[in-house]
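Structure assessment
If you want the building blocks of each chain, they are given just below.
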Amino acid sequence: MTAPASVAPPVVARGERLGEGLDAVMRVAEVPMAALQRLLGAARMPYVFILPNMVLFTIFVFVPVGLAIAYAFTGGTNLLIWERPYVGLENFKALLDCGSYLEPSTCRYNLFWTAVHNTWWYTLLNTLGTLFFALVTALVINRLTRGRGFFRAVFFYPVLLSPVVVGLIWQWFLAREGLLNGFLTDWFDTRIIFLLEVGWSRLWVVYVSIWFHMGFFMLIILAGLQAIPRDIYEAAQIDGTSQWRQFWCLTLPLLMPNLLVVTVLLLIRSVQVFDEAWVLTNGGGPGTANTFIVQFIYQTAFSPDLRLYGLASAASVLMGIALLALTLSQLWLAKKAQV
Amino acid sequence: MIAFLARTRHPGRTDITDWLAWGWAILGTLVVAIPIAWAVISSLKTEAEINSFPPALVPRAAQTITVEGQEKPLSVWIRTAPDGSEQTVALVRRIGLSATVLDPSKPEETFRVPVTELRQLKEFHLQFSNYTEPMKQFDFLRYLWNTVFVTVVATVLTLLLNSMAAFALSKYRFAGRNAMFALILSTMMIPLSVIMVPAFMVIVGLNLADNLWGVILSTVSTPTGVFLLRQYMLTIPDDLIEAARVDAASEFRIYWRIVLPLCAPALAVLAIFSVIWRWNDFLWPLIVLSSPENYTLQIGLSSLQGQFNVQWHYILAMTVVTLLPVTVVFLFLQKYITEGVASSGVK
């Protein structure tokens, strides 16, 4: 096969730079694919290109979605779906069997409702907190005349860390012998075992989440801020509008579509809280103070002494419905924001 | 007070809002940096130092001295005698509140002093064995290798398969194209947390449970990757492809030799993201992998922390090793990452 040098000279040059070894590998891959094309015809080649992706999506996403619903209607502890007895709405009834939804201890599966309550409070505080800090930080960075790139990078950096690393770093920071307790001893002559007290641990779980994810939402808000045309502010300044008024009457309304999308995105993420909270609190502790819905699903399904796949799937389906509603509202808001 | 929330800048004039903005930025930098710096500092402390309270801000270790007639090196202390004079002594043993010490210059004479008169001498010391010991004691190298394997293989496959799908979706018209694109995008709406039970059953059905390929294969196709690459490929002019077809290049050759090299910037962004995603993955490997020899770094690290006797000096060292690659990638490719996030809204 001779390369059609006339086609695109810069491309060929780029290919040459990749080196002889890679070139040989590429040629090896081309031969069977060219044979396949002769067999199927050029018109069928796009299907060949998209096939591997669709197969993987089918196996690992579409089939499980269907199965999740099927699992929710079956009982027993067998993993394989064809060995599981059909129990109708039993799993949903069990989950929703409650004296009062506001009081988890009156429910048949009180752990589920404890998790729902914890997730609800976490979602509320995390969404508001992240929104506030991300907005203020974006405004600050947008305002800086120097060091903008540096601070943007600093605030974004935690986003790239793994949940395990974040959980461990903060667990160590808040430990009995940690730095924070060192300062507390110095200044107030007291020590607090933060992660073993219900109130403190919940507060720190929210705080660590904000610390972890704030940079991501800050970037999105920053992009929104930079899209606001400059001259509006110049006009406002000529009119003598105070900075405070400029923020409330110009920046905030113009940023609103962006903020709404960020809020819904935050809600979607918050409902799925699991990784860093699980590592930080050593599995949802103290007691069940930081047990969230995903942890309930994970434990119900995969704890060796439970293996209640049906019940876990029923909880997944309920959470999936909530997430679907949030996602659809996000798409709707995003569409509205573009208009 | 919150006037710094306003946006405009006055050229050549600094007012209170500028100071507040700088204050926020610098304070925020400290809030981000201090816990991480603390973990790095602590990872270089000895086991004794890490468990001592209040914590020291720099890694130190007890100063020791070898004295004639004593088998082990002795720790060095300063003794303040009741009359206020100070003397350097070596501690032989300690019983309750009294200690047997000796003067290093006269090693044969030991004498007893109350513990309250002693203050230990410590010197700056970096305990690098925290980093080397876990490699021998635990399967840390194994975890590291597993993670590198998963990250590299999954990223290569992601780039290959996602770009193939993106090529089909952007450069061909075929029946079902829009439906397939919509289906791929719809998977963005289905988080792992909703389908983890049946996804695990699929893994068991494919005989991939407790197998690194079970972790890899299910993460290879990403809707984000397909979307990102498709948008980029749409900007490549079709004339180029037509010209190649006239020269009788096969469809695969067009993808391989023309479209793929032109997509290098988009591929680079996806590669960076893929490496970071796979390196940091937690919930899915936690479900799929069950035996320690298959653990990835993240799973190994979290399982060590759950053990009865928490060895923080090792855990922190391994935490630093785990965050290092991501940090290096970020240091060099910071611009691409933040721009990629800002433009596509994914992370």
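Residues numbered from 1 in each chain as written. Chains lettered and ligands numbered in written order. Predicted model: local features only at pLDDT ≥ 70, side-chain atom pairs only at ≥ 80, totals over all residues.

**Describing the overall build of chain A**
Spelled out, the test is: Secondary structure elements are defined from DSSP: runs of H or I of at least 4 residues count as helices, runs of E of at least 2 residues count as strands, and each element is numbered from the N terminus. Computation of the radius of gyration draws on C-alpha atoms alone. For the globule rule, the value is 2.2 Å times the number of residues to the power 0.38. The exposure label follows from counting other C-beta atoms within 10 Å of a residue's C-beta, where the C-beta atoms are placed from the backbone and the thresholds are 20 or more for buried and 12 or fewer for exposed, leaving partly exposed in between.
On a plain count of helices and strands, chain A comes out with 14 helices and zero strands. Taken from the N to the C terminus, the helices and strands of chain A come in the order α-α-α-α-α-α-α-α-α-α-α-α-α-α. Rg of the C-alpha trace for chain A: 27 Å, well past the compact-globule value of 20 Å for 339 residues, more than 25% over. Considering only C-alpha atoms, chain A reaches an extent of 80 × 75 × 45 Å along its principal axes. Counting all 339 residues of chain A, 41% fall into the buried class.

**Some words on the overall build of chain B**
Filter applied, for reference: Each residue gets a C-beta atom placed from its backbone, and two residues are in contact if those atoms lie within 7 Å.
Along its length, chain B carries 14 helices and eight strands. The C-alpha radius of gyration of chain B comes to 30 Å, more than 25% above the 20 Å expected for a compact globule of 347 residues. Dimensions along the principal axes, computed over C-alpha positions, put chain B at roughly 100 × 65 × 40 Å. Across the 347 residues of chain B, 42% fall into the buried class. Within chain B, contacts between residues at least 6 apart in sequence are counted, and of these 64% link residues at least 24 apart.

**Brief notes about the pairing of strand β3 (residues 74-80) of chain B**
Residues and elements named next belong to chain B. Formally: By this definition, two strands are paired if DSSP reports at least two bridges between them.
Direction of pairing for strand β2 (residues 64-65) relative to β3: antiparallel, over a ladder of two bridges. Counted as the bridge partner of threonine 64 is serine 75 from β3. Of the pairings in the sheet, the one linking β3 to strand β4 (residues 86-95) comprises six bridges and is antiparallel in character. The partner of arginine 79 across the bridge, within β4, is glutamine 87. Taking the residues between adjacent antiparallel strands as the criterion, β3 and β4 are bridged by five residues, where glycine 84 takes a positive phi near 95°. Relative to strand β7 (residues 118-120), β3 runs antiparallel, the two being bridged by three bridges. Bridge pairing links isoleucine 78 to arginine 119 in β7.

**Comments concerning the interface of chain A and chain B**
As a reminder of what qualifies: Three classes are used, and their members are as follows: Ala, Val, Leu, Ile, Met, Phe, Trp, Tyr, Cys and Pro are nonpolar, Asp, Glu, Lys and Arg are charged, and the others, Gly among them, are polar.
Contacts between the two partners involve 99 residues from chain A, matched on the other side by 92 residues from chain B. Counting residues per element, the side of chain A that touches chain B draws most heavily on helix α3 (residues 45-72) of chain A, which supplies 19 residues. Counted by class, the side of chain A that touches chain B contains 73 nonpolar, 19 polar and seven charged residues.

**A few points about the environment of serine 303 of chain B**
Residue and element names in this part refer to chain B. Counting through the fold element by element, serine 303 comes out in helix α13 (residues 297-305). Judged by the 15 C-beta atoms lying within 10 Å of it, serine 303 is partly exposed. Separated by 11 residues in sequence, serine 303 and proline 292 have C-alpha atoms that sit 9.2 Å apart.

**Some points on α3 of chain A**
All names here are of chain A. To keep it simple, the criterion reads: How far a helix is expected to stretch is found by multiplying one less than its residue total by 1.5 Å. The bend at a residue is defined as the angle formed between two axes, one fitted to the seven residues ending at that residue and one fitted to the seven starting there.
Compared with an ideal rise of 1.5 Å per residue, which puts 28 residues at 40 Å, α3 spans 40 Å between its outermost C-alpha atoms and is within 8% of the ideal. Along α3, the largest kink reaches about 45° and is centred on threonine 58. Where α3 is concerned, the buried positions are Met45, Pro46, Phe49, Ile50, Asn53, Phe57, Phe60, Val61, Pro64, Ala68, Tyr71 and Ala72.

**Notes on the domain arrangement of chain A**
Interface size is often expressed as the accessible area that is lost when the parts come together. The test is simple: Residue ranges for the domains trace back to a domain assignment, done automatically or taken from a database.
Structurally, chain A comprises domain 1 (1-40) and domain 2 (90-338). When each unit is reduced to the centre of its C-alpha atoms, the spacing between domain 1 of chain A and domain 2 of chain A is 48 Å.

**Quick word on the packing of helix α5 (residues 110-143) of chain A against helix α13 (residues 293-302) of chain A**
All names here are of chain A. Rule in force here: Axes, fitted as lines to C-alpha atoms, cover a helix only where it is in contact. Angles between the N-to-C directions of the axes lie from 0 to 180 degrees. For classification purposes, angles smaller than 35 degrees are called roughly parallel, those larger than 145 roughly antiparallel, those between 65 and 115 roughly perpendicular, and all remaining angles oblique.
Contact geometry for α5 and α13: axes closest at 8 Å, N-to-C directions at 150°. Taken together, the axes of α5 and α13 lie roughly antiparallel to each other. Every residue of α13 that contacts α5 at Leu111, Phe112, Ala115, Val116 and Thr119 is listed here: Ile293, Gln295 and Phe296. Of the residues that constitute the contact of α5 with α13, the class distribution is six nonpolar, two polar and no charged.

**Concerning the pairing of strand β6 (residues 106-114) of chain B**
Residues and elements named next belong to chain B. The buried fraction of β6 amounts to zero of the nine residues, a small share that puts the element mostly on the outside. Taken together, the six bridges between strand β5 (residues 98-103) and β6 define a ladder with antiparallel strand orientation. By the bridge assignment for β6, alanine 99 is matched with valine 113. Counted between consecutive antiparallel strands, the loop separating β5 from β6 contains two residues.

**Brief notes about the environment of valine 48 of chain A**
Residues and elements named next belong to chain A. Looking at the element boundaries, valine 48 is found in helix α3. Valine 48 gets classed as partly exposed once you count the C-beta atoms within 10 Å, which come to 16. In this structure the C-alpha to C-alpha distance between valine 48 and glutamine 37, which are 11 residues apart in sequence, comes to 9.2 Å. Setting aside chain neighbours within four positions, we find valine 48 in contact with Leu36 and Leu40.

**A word on helix α1 (residues 16-42) of chain B**
All names here are of chain B. Between its first and last C-alpha, α1 extends 38 Å over 27 residues, near the 39 Å set by a 1.5 Å rise per residue. For α1, the principal kink sits at alanine 33 and spans about 30°; a proline, proline 35, occurs within the next four residues. Within α1 the residues assigned to the buried category are Thr17, Ala21, Trp24, Ala25, Gly28, Pro35, Ile36, Trp38, Ala39 and Ser42.

**What about unusual backbone geometry?**
At aspartate 189 of chain A, a residue that is not glycine, the phi angle is positive and equals roughly 55°. Inspection of the secondary structure puts aspartate 189 of chain A in the loop between α8 (179-188) and α9 (198-226). Look at aspartate 189 of chain A and you get exposed, because 7 C-beta atoms sit within 10 Å. Phi angles above zero are rare outside glycine, and alanine 248 of chain B is one such case at about 65°.

**Focus: the confidence of the model for chain A**
Here is the rule we go by: A score from 0 to 100, pLDDT tells how confident the predictor is in each residue.
Taken as a whole, chain A shows an average pLDDT of 86; of its residues, 93% reach a score of 70 or greater. Note that residues 1-13 of chain A has pLDDT below 50 and, in this model, 14 contacts with residues that lie over four places away or in other chains.

**Brief notes about the confidence of the model for chain B**
Residue and element names in this part refer to chain B. In this model, chain B carries an average pLDDT of 85, and 93% of its residues clear a pLDDT of 70 or more. Note on residues 5-9: pLDDT under 50 across the span, and 21 contacts to partners over four residues away in sequence or across chains. With a pTM of 0.85, the predicted complex shows an ipTM of 0.84.

**Comments concerning the environment of glutamine 272 of chain A**
Within the secondary structure, glutamine 272 of chain A sits in the loop between α11 (243-271) and α12 (275-280). For glutamine 272 of chain A, a count of 19 C-beta atoms within 10 Å puts it in the partly exposed group. In this structure the C-alpha to C-alpha distance between glutamine 272 of chain A and leucine 203 of chain A, which are 69 residues apart in sequence, comes to 18 Å. Setting aside residues up to four positions removed in sequence, glutamine 272 of chain A forms contacts with Val294 of chain A together with Pro191 and Ser193 of chain B.

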